[in-house]
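Structural description and commentary
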Amino acid sequence: MSLRRVVITGSGVVSPFGEGVKALMDGIHNNSSAVKYMDGWDQYVGLQSLVAAPVDTIDEKRIPRQKRRSMGRMSIFAALAADEAIADSGISLQAEDLWRMGCVIGSTMGSAKSINDTFETMLPDKDLSRLNSTMFFQCMSHTAAVNTAQYLGLVGTVMAPAAACASALHSIGTAYDLIRLGRQDVVLCGGAEELHPTVTGSFDILFATSTGHNDSPQTTPRPFDRDRDGLVCGEGCGILVLEEYERAVKRGATIYAEVTGFCTTANGIHVSQSNRDSMTVCMKRALAEAGISPERIDYISAHATATVQGDAEEAEAVRELFADNVPISSLKGHIGHTLGASGAIELIASLMMMKNSIIYPTRNLENIADDCSGICHVTEPRSAEISAILKNGFAFGGINAALVCQKV
Amino acid sequence: MTEEEIIEKTNRVFEESFEIEPGRLKADAHIFTDLGLDSLDIVDLVVALQSSFGVKIRTDEKVREIRTLGDVYSFIARVKNGEQD
């Protein structure tokens, strides 16, 4: 059985820089930071990290009420990003066979605010009668995928891979498989996530958050830096339109890149700590599937969240495969760690870098840490022809994911 | 509770919970065909009315007979003031 080729023909984003791919890229281009002090978070006893990268304003009323009522914050992000991605792709949904069009959007869990609100409503008096009809639809794990598919009327495969911070790459990898195996022709895919003190708290109690910059939010997170002290949570959604190659060519679509390799592995060693050997295997296998050697990669979009242990493991894994030959940067210093959305948002930013022949640096990387050295860090914007991208994503649970995209 | 108070509070529920413009909130408006509510909205209507009026109506069989906004006013009046049909 021959596998079909899969290309990316559209993208949409809601990020801490606002709505749209342009807002994201303007923020990165200007080397801005979307990280800020979060008012009110200091009421949570024991929460040490009081900074985050929130999405400030979104036009949610654009979504009809009866479609919006089952959407928590992350699903609203997803619907708006999907709107942009569909428009960008030039696909007219009215003209499509919607049974051949899927929607695969992952997240760490359901809407964090909705889950919290549900229990805060129900538990004080153990009274279920105050719960409204749509809270469950906001809380369920496939909420972003389901709500986006309902919003757009998609009736093909609807799935929601949940792999914490690797959820978006799992979604894109799944979409890639669905199309190359001939099960779908077009798939909207990506990841969504939303901020909540309890989300930051889940990292905070493990001492994985940045806690030393509450008074200077824009100086953190600091991926690969000597003084990095942990991650900063962000929120948003990235959606890509993946499409079967021949079909995309036939309709004259703009093709950003071809997805040529994907791999996901687990480390089998530790539930929270990253592991360099399993990361290396993951990247190697993604490259092997793409049929290219490490030297052919022109840019690595790192996962690098600025945790002490995670960055060092990723740097070591990259060093083993690429030495200091391939430029690498992390966008977490600009937009924080958008968790289940990060793989998609950062891949879209990487595709824009490919399109515009520029590589943006790791913000807040001022002094390369000894345990992150020996790889080709980008600390200033640089012009570069990019033919192949490697996007890394790693997650709690010992999950690794790597995706290769190449210019067509 | 006066009729005016019931109407005002009920209409506020429809404006805030279902984003319906005040001008459409007429007593003879059918809550499904005119105001666009559906079965999920009825669950939320009950929750919102319970909260607004401090009543327990979730298991009241008469809820199923509501068709118009006027029916909602009458239903609340009956529950709140003990009025009989």
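For the structure, check the block above.
Criteria and thresholds
Residue numbers restart at each chain and count upward from 1, following the sequence in its written direction. As they are written, the chains are lettered A onward and the ligands numbered 1 onward, keeping that order. A pLDDT threshold of at least 70 governs which residues receive local features in this predicted model, and a stricter bar of 80 or more applies before side-chain atom pairs are shown or counted, although totals over entire chains, interfaces and linings include all residues. Remark: hydrogens and water are excluded; side-chain values derive from all non-hydrogen atoms of the structure. Here's how the labels work: a residue is buried when its accessible area is under 20% of the maximum for its type, exposed when over 50%, partly exposed in between, all with a 1.4 Å probe on protein chains only. Helix numbers and strand numbers start at the N terminus; a helix is a DSSP run of H or I with at least 4 residues, a strand a run of E with at least 2. Here a strand pair is declared whenever DSSP counts at least two bridges between the two strands. What a helix should span is 1.5 Å times the count of its residues minus one. In these notes, a set of buried Ala, Val, Leu, Ile, Met, Phe, Trp, Tyr and Cys residues joined through side-chain atoms within 4.5 Å is what counts as a nonpolar core. For every domain, the bounds stem from an assignment made automatically or drawn from a database. Contact between two residues is taken to exist if any of their heavy atoms lie within 4.5 Å; hydrogens are not considered. By buried area we mean the combined loss of accessible area, with a 1.4 Å probe, across both parts when two parts are placed together. A pair is scored as a salt bridge if a Lys or Arg side-chain nitrogen falls within 4 Å of a carboxyl oxygen belonging to Asp or Glu. Any pair of nitrogen or oxygen atoms within 3.5 Å is treated as a polar contact; in protein, a donor-acceptor pairing is required on top of that, and neighbouring residues in sequence qualify only through side-chain atoms on both sides. Charged means Asp, Glu, Lys or Arg here, nonpolar means Ala, Val, Leu, Ile, Met, Phe, Trp, Tyr, Cys or Pro, and polar covers whatever is left, Gly included.

All names here are of chain A. The element strand E8 (residues 236-244) is largely enclosed, with a buried count of 9 among its 9 residues. Burial of the side chains of E8 extends over both faces: Gly 236, Gly 238, Leu 240, Leu 242 and Glu 244 are buried on one face and Cys 237, Ile 239, Val 241 and Glu 243 on the other. Pairing analysis gives 8 bridges linking strand E1 (residues 6-15) to E8, with the strands arranged antiparallel. Across the sheet, the residue bridging to Gly 10 is Val 241, located in E8. Where strand E7 (residues 186-193) meets E8, 8 bridges bridge the pair, whose relative direction is antiparallel. Residue pairing for E8: Gly 190 is matched across the bridge by Ile 239.

Checked against the element boundaries, Met 38 of chain A lands in the loop between strand E3 (36-37) and strand E4 (51-52). Expressed as a C-alpha distance, the spacing of Met 38 of chain A and Asp 227 of chain A, which sit 189 residues apart in the sequence, is 22 Å.

A few words on helix H13 (residues 342-356) of chain A. Residues and elements named next belong to chain A. Between its terminal C-alpha atoms H13 stretches 21 Å, which fits the 21 Å expected from 15 residues at 1.5 Å a residue. In terms of burial, H13 is a largely internal element, 13 of the 15 residues being buried. Directly after H13, the chain includes Ser 357, whose backbone phi takes a positive value near 55 degrees.

Turning our eyes to something else, we now look at the nonpolar core. Residues and elements named next belong to chain A. Of all hydrophobic cores here, the largest spans 70 residues; its most connected members are Leu 24, Ile 172, Leu 240, Leu 242 and Leu 351. Two domains each provide a minimum of three residues to this core, namely domain 1 (6-250) and domain 2 (261-406). Contacts of Leu 242, omitting those with residues within four sequence positions, involve Val 6, Val 7, Ile 8, Ile 172, Ala 175, Tyr 176, Ile 179, Asp 185, Val 186, Val 187, Cys 189 and Val 259. Residues Val 55, Met 101, Val 186 and Ala 192 belong to the second largest nonpolar core, which totals 31 residues.

On to the interface of chain A and chain B. In this complex, chain A contributes 13 residues to the contact, which on the side of chain B involves 14 residues. Interface of chain A and chain B: buried area, both sides summed, is about 1000 Å²; carbon and sulfur atoms make up 39% of it. At the boundary of chain A and chain B, one finds 5 salt bridges. Linking Arg 65 of chain A and Asp 41 of chain B is a salt bridge whose minimum nitrogen-to-oxygen distance equals 2.9 Å. Along the contact surface separating chain A from chain B lie 10 residue pairs in polar contact (both at pLDDT 80 or more). In terms of residues, the side of chain A that touches chain B owes the most to one element, helix H2 (residues 65-68) of chain A, which gives 3 residues. The class makeup of the residues in the side of chain A that touches chain B is 2 nonpolar, 5 polar and 6 charged.

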